[in-house]
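Given next are the chains, with one letter for each unit.
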Amino acid sequence: EESFDYAWVSALLEQVLEDVEKACYKEGKGVHWHVFRERVLAPIMDGIDPPAMADLCHKYDIENPRIASNMIVTVKRRFQAIMREHLRQTVTSDGRIEEEFAEISKFLPHMVQDKK
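A few words on the pattern of salt bridges. Counted according to the given criterion, the structure contains six salt bridges. Measuring nitrogen to oxygen at the nearest pair gives 3.2 Å for the salt bridge that ties K22 to E18. Here E18 and K22 lie together in helix α1 (residues 2-26), a separation of four residues that amounts to about one turn. Using a relative accessible area of 51% as the deciding quantity, one classes K22 as exposed. When its relative accessible area of 36% is taken as the criterion, E18 is described as partly exposed. Two residues, E100 and R96, come together in a salt bridge whose shortest N-O distance is 3.0 Å. Taken as a pair, E100 and R96 lie in helix α5 (residues 95-105) at a separation of four residues, close to a single helical turn. The partly exposed category is assigned to R96, whose relative accessible area is 32%.

About the cut-offs
- Residues numbered from 1 in each chain as written.
- Predicted model: local features only at pLDDT ≥ 70, side-chain atom pairs only at ≥ 80, totals over all residues.
- Heavy atoms only, no water.
- Salt bridge = Lys/Arg side-chain N within 4 Å of Asp/Glu carboxyl O.
- Helix = DSSP H or I, 4+ residues; strand = E, 2+ residues; numbered from the N terminus.
- Buried < 20%, exposed > 50% of the residue type's maximum accessible area, 1.4 Å probe, protein only.

This is how it looks when you write it as structure tokens:
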């Protein structure tokens, strides 16, 4: 059962990330996506250290690290919203969405959790 869950979550994550990327570009937030991908996704997926925020700011001509950090939060929130949309298609009631999200979050890195 755990193997099935892992495979399902992996496929879901792949689809959600693809949808998040498309949404970012559609909303004119391509830089947001790149910063998120390089600072959050690549380190998780490739097992590498995240680049320094100052380096990302320089690379993407972002005024300061606070703005870059806000861009990451924006993409994380978009990720959460799209994940919930996908989950809505698999549950029998809206009340189960948060339960499923919590269950799936056990499989996912902290990247999907919003630090408010």
